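In case you want the letters, here they are:
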Amino acid sequence: MTLTGQSLIGAASVRGTNGAFHGVDARTGEALEPAFGGATQDDLERACALAESAFDAYRETRLETRAAFLETIGEQINAIGDALIERCMAETGLPRARIEGERGRTIGQLKLFASVLRNGDFIDARIDPAQPERKPLPRVDLRLRNIALGPVAVFGASNFPLAFSVAGGDTASALAAGCPVIVKAHSAHPGTSELVGRAIQRAVLACGLPEGVFSMLFDSGVAIGQALVADHRVKAVGFTGSRAAGVALMKIANARPEPVPVYAEMSSINPVVLLPGALAARGAAIAQQFAASLTLGAGQFCTNPGLVLAVQGEPLRAFEQAAGAALGNIGAATMLTPGIHANYRRGVERLAANPNVERLARGTEGGRFDAQAALFATTAEAFLADPALRDEVFGPASLIVRCKDLAELHGVLKALEGQLTVALHLASADHEACRMLLPTLERKAGRILANGFGTGVEVAHAMVHGGPFPATTDARTTSVGSRAIERFLRPVSYQDLPDGLLPVALREGNPLGLTRRVEGVIHREESLDD
Ligand code: NAP
């Protein structure tokens, strides 16, 4: 499949004339062909106009039609074959097995949302029938359903070029909700983006949907992405990336005459709490698992364990030694972009230069753009006094905070910003301590896990990949799992509308066979008359 470097605007492919850029081979730093043309304001205008005109028809498509559409996207991605894997490997430096796994995950996410559509519960149909005889006043007939928000702008992540990018979780959940999607392609993997974007374009055509359901724009700077978020036709934004960019987009969305939600997943250091019982019983084994989690994907996971908290003493000293030794046995891996590599090196140098930070270990060295793992330690006192120690260093670097006792450890947790995950390593003797910490952990994180690490985010119904700011801009939501669809929906209530004018989901006789809440009670596939 030949790459063209063109933006995809509805059914058309358009060569952007607003500057140009190349994908870069992550291992060598050399430019890859072809050049990608930056979209113009006219291209953006056309994509937004098409999305707006597609919206009303698309959001009322049958649930089965949208489910089949998502599955067709998956089939089209699969049909690209090895060309997708090879381009993605070149652009990201990630190994084949990881990219193939991520392709499976991406298709799996699309299938998950197809099943969410067939199930229909996301519509949240509620019916409070009229009570004309009610005294002192009759009650009106009220019916509620969720509808799609409107066109959604999606900014993919550099670290998941498939599962959090063009056809990733944000796109899948927005399309499932009934929202047309305009993707701002990530400049770190433009070729991968074009291949996947074209797969979606083919699926739109194959399913007979309005062309404006999907567009994708390349941007040689940040202007088009920002203009997209500012456009009055865009009604929500999905984003994964840096805190600076996420906050910039949130400010733009809030400054609009009609502010819209920005669901940005940004920055998290994912504390790992080693409780005394677990540390004493199996510190060496935890150290091995920690080193593996820290270096997974060159540490480029938003759930990477960037912070370890434990009570000082011999078991912690043994853990530090074992973790340092384990890092020395793990090969270095290429980072996603030379820019991310340079950021990582700066972050590690900053930590190493801090007089209150001790350098414990470095991982193996590798090629020019490989990440060398780094493990540091400091005291709770120093950590609490220096906010810079709480900043995310994106890559395989972690900081151990030595606490005097559990009370001090609790104090450190209380001082942290919002997190995607907190991992507790515990033995049965630690349950009391856990009980004490849990209320604080719930206030800090979207996911609390025991005896494991946050890397590896299951795509499931009960998953929360989110958390208080700055982990995300909206702690009420998740960007992974079936609940992600809720970000792109809003409730509408219909009062006393004649049955023939009601949306089909709310009509008498339950024509869609939905599970509906009648007078607050869940009814499965039953009509109101039953
Ligand atoms: P990024 O710089 O935040 O870029 C993400 C997307 O936002 C890209 O499409 C980018 O455009 C766009 N963008 C960047 N700055 C913008 C601005 N001011 N206004 C409008 N759009 C903007 O993220 P990245 O390049 O993927 O990685 C850079 C850093 O982000 C990493 O070093 C790491 O610290 C962090 N990161 C965090 C996570 C996480 O999950 N927590 C994931 C990935 C990265 P371009 O494509 O044109 O650059």
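Residues numbered from 1 in each chain as written. Predicted model: local features only at pLDDT ≥ 70, side-chain atom pairs only at ≥ 80, totals over all residues. Heavy atoms only, no water.

S.K.: Is there a simple way to think about the overall build of the protein in this case?
M.R.: A tally of regular secondary structure across the protein gives 14 helices and 23 strands. For 530 residues, the compact-globule estimate of 2.2 N^0.38 gives 24 Å, and the protein sits close to it at 25 Å. Expressed as lengths along the three principal axes of its C-alpha atoms, the size of the protein is roughly 75 × 65 × 40 Å. With 530 residues in all, the protein has 56% of them scored as buried. Surface exposure of the protein reaches about 20,900 Å², of which carbon and sulfur atoms provide 53%. Separation between the mean location of the 51 positive side-chain charges and that of the 56 negative ones in the protein comes to 2 Å. (Helix = DSSP H or I, 4+ residues; strand = E, 2+ residues; numbered from the N terminus. Rg over C-alpha atoms; globule rule 2.2 N^0.38 Å. Buried < 20%, exposed > 50% of the residue type's maximum accessible area, 1.4 Å probe, protein only. Areas by Shrake-Rupley, 256 points an atom, 1.4 Å probe, with all protein chains shown as cover. Lys, Arg positive; Asp, Glu negative; His and termini not counted. Charge placed at Lys NZ, Arg CZ, Asp CG, Glu CD.)

S.K.: Help me understand the pairing of strand β20 (residues 445-450), please; the structure alone is not making it clear to me.
M.R.: Where strand β19 (residues 419-425) meets β20, 5 bridges bridge the pair, whose relative direction is parallel. What sits directly across from valine 422, in β20, is isoleucine 448. Handedness of the crossover joining β19 and β20 through helix α14 (residues 431-444) is recorded here as right-handed. (Pairing = 2+ DSSP bridges. Right-handed = clockwise from strand over helix to strand, strands pointing away.)

S.K.: Please explain the packing of helix α13 (residues 406-415) against α14 as it appears in this structure.
M.R.: Between two packed helices, the angle of one axis relative to the other and the distance separating the axes together describe the packing. It is at 10 Å that the axes of α13 and α14 come closest, and there the two elements cross at 10°. Between α13 and α14, the angle falls in the class roughly parallel. Of α14, the residues touching α13 (which contributes Leu406, Leu409, His410, Leu413 and Lys414) are Ala433, Met436, Leu437, Thr440, Leu441 and Lys444. Among the residues making up the contact of α13 with α14, the classes are represented as 7 nonpolar, 2 polar and 2 charged. (Axes fitted to C-alpha atoms, helices over the stretch in contact; angles between N-to-C directions. Parallel < 35°, antiparallel > 145°, perpendicular 65-115°, else oblique. Contact = heavy atoms within 4.5 Å. Nonpolar A, V, L, I, M, F, W, Y, C, P; charged D, E, K, R; others polar.)

S.K.: What is the right way to look at the sheet that holds strand β15 (residues 358-362) in this model?
M.R.: Hydrogen bonds along the backbone pair up the strands of a sheet, which may run parallel or antiparallel. Spatial strand order, β15-β17-β18-β13-β12-β19-β20: 7 strands in an open sheet with mixed pairing. With partners counted over all chains shown, the strands left at the sheet margins are β15 and β20, one partner each. Along the sheet, successive strands turn relative to each other by an average axial angle of 20°, direction set aside. On the sheet, helix α9 (residues 276-295) packs against β12 (271-274), β13 (307-311), β17 (374-379), β18 (397-403) and β19 and is oriented at approximately 135° with respect to β19. Against the sheet, helix α11 (residues 338-353) contacts β15, β17 and β18, and its axis sits at roughly 35° relative to β17.

S.K.: Is there a simple way to explain the packing of aromatic side chains in this structure?
M.R.: When we look at a pair of aromatic rings, we describe it by the centre distance and by the angle of the planes. Under the defined criterion, the tally for this structure stands at 10 aromatic pairs. Look at tyrosine 58 and phenylalanine 69: their rings are 6.2 Å apart centre to centre, the planes differ by 85°, and that puts the pair in the edge-to-face class. Highlighted residues: tyrosine 58 in helix α1 (residues 41-59) and phenylalanine 69 in helix α2 (residues 63-80), separated in sequence by 11 residues. For phenylalanine 69, a relative accessible area of 0% corresponds to the buried category. One aromatic cluster is present, formed by Phe21, Phe36 and Phe218 through successive ring pairs. (Phe/Tyr/Trp six-rings, centres within 6.5 Å; stacked < 30°, edge-to-face > 60°.)

S.K.: Teacher, can you tell me more about helix α5 (residues 169-177) here?
M.R.: It helps to recall that an α-helix has 3.6 residues per turn; residues three or four apart then point in one direction. With 9 of its 9 residues buried, α5 lies for the most part within the structure. Of the residues making up α5, those classed as buried are Gly169, Asp170, Thr171, Ala172, Ser173, Ala174, Leu175, Ala176 and Ala177. Directly beyond the C-terminal end of α5, a positive phi value near 105° is found at glycine 178.

S.K.: Any chance you could explain the UniProt feature "domain: Aldehyde dehydrogenase" (unreviewed entry) in the protein here in plain terms?
M.R.: Here, UniProt's "domain: Aldehyde dehydrogenase" (unreviewed entry) annotation points to residues 38-466. A helix fraction of 47% and a strand fraction of 17% characterise residues 38-466, whose end C-alpha atoms lie 31 Å from each other. (UniProt positions renumbered as here; feature names shortened; annotations may be inferred.)

S.K.: Would you explain the state of the cysteines in this entry?
M.R.: As used here, a disulfide is simply a covalent bond connecting the sulfur atoms of two cysteines. Applying the stated rule across the entire model yields 0 disulfides. Its sulfur unpaired, cysteine 48 is 14 Å from the next cysteine sulfur, which belongs to cysteine 179. No disulfide involves cysteine 403; its nearest neighbouring cysteine sulfur is the one of cysteine 434, lying 15 Å away. For cysteine 403, a relative accessible area of 0% translates into the label buried. (Disulfide = S-S within 2.5 Å.)

S.K.: Is there a simple way to explain the site of the ligand in this structure?
M.R.: Looking at the ligand, there are 21 residues lining it, with Ser158, Ser187, Ser242, Met266 and Cys302 nearest. Serine 187 places a polar side-chain atom, nitrogen or oxygen, 2.7 Å from an oxygen atom of the ligand. The separation between an oxygen atom of the ligand and a polar side-chain atom of serine 242 is 2.5 Å. Summarising the interface, the protein chains cover 83% of the accessible area of the ligand, which totals 870 Å² for the free molecule. Those elements that provide at least two residues to the shell around the ligand are β10 (236-240), α8 (243-255) and α11. For the shell around the ligand, the per-class residue count stands at 8 nonpolar, 10 polar and 3 charged. In this structure, the shell around the ligand is formed jointly by two domains, domain 1 (47-266 + 478-486) and domain 2 (271-450), each of which donates at least three residues. (Near = heavy atom within 4 Å. Polar contact = N/O pair within 3.5 Å; in protein donor to acceptor, adjacent residues only side chain to side chain. Domains from an automatic or database assignment.)

S.K.: Is there a simple way to think about the sheet that holds strand β6 (residues 142-148) in this case?
M.R.: The mixed open sheet is built from 5 strands, whose spatial order is β21-β6-β5-β22-β23. Since the sheet does not close on itself, it has two edges, and those belong to β21 (489-495) and β23 (521-524), each with one partner. Taken over all neighbouring pairs, the strand axes of this sheet differ in orientation by 30° on average, direction set aside. In the sheet, strand β5 (residues 126-128) pairs with β6 via 3 bridges, with the strands oriented antiparallel. Considered in β6, the bridge of arginine 126 is made with leucine 144.

S.K.: Looking at this structure, how should I read α1?
M.R.: Over its 19 residues, α1 runs 26 Å from end to end, which matches the ideal 27 Å to within 8%, given 1.5 Å per residue. The sharpest bend along α1 reaches about 30° and sits at serine 53. Those residues of α1 not exposed but buried are Asp43, Leu44, Ala47, Cys48, Leu50, Ala51, Ala54, Phe55 and Tyr58. (Expected span 1.5 Å × (residues − 1). Bend = angle between axes of the 7 residues up to and from the residue.)

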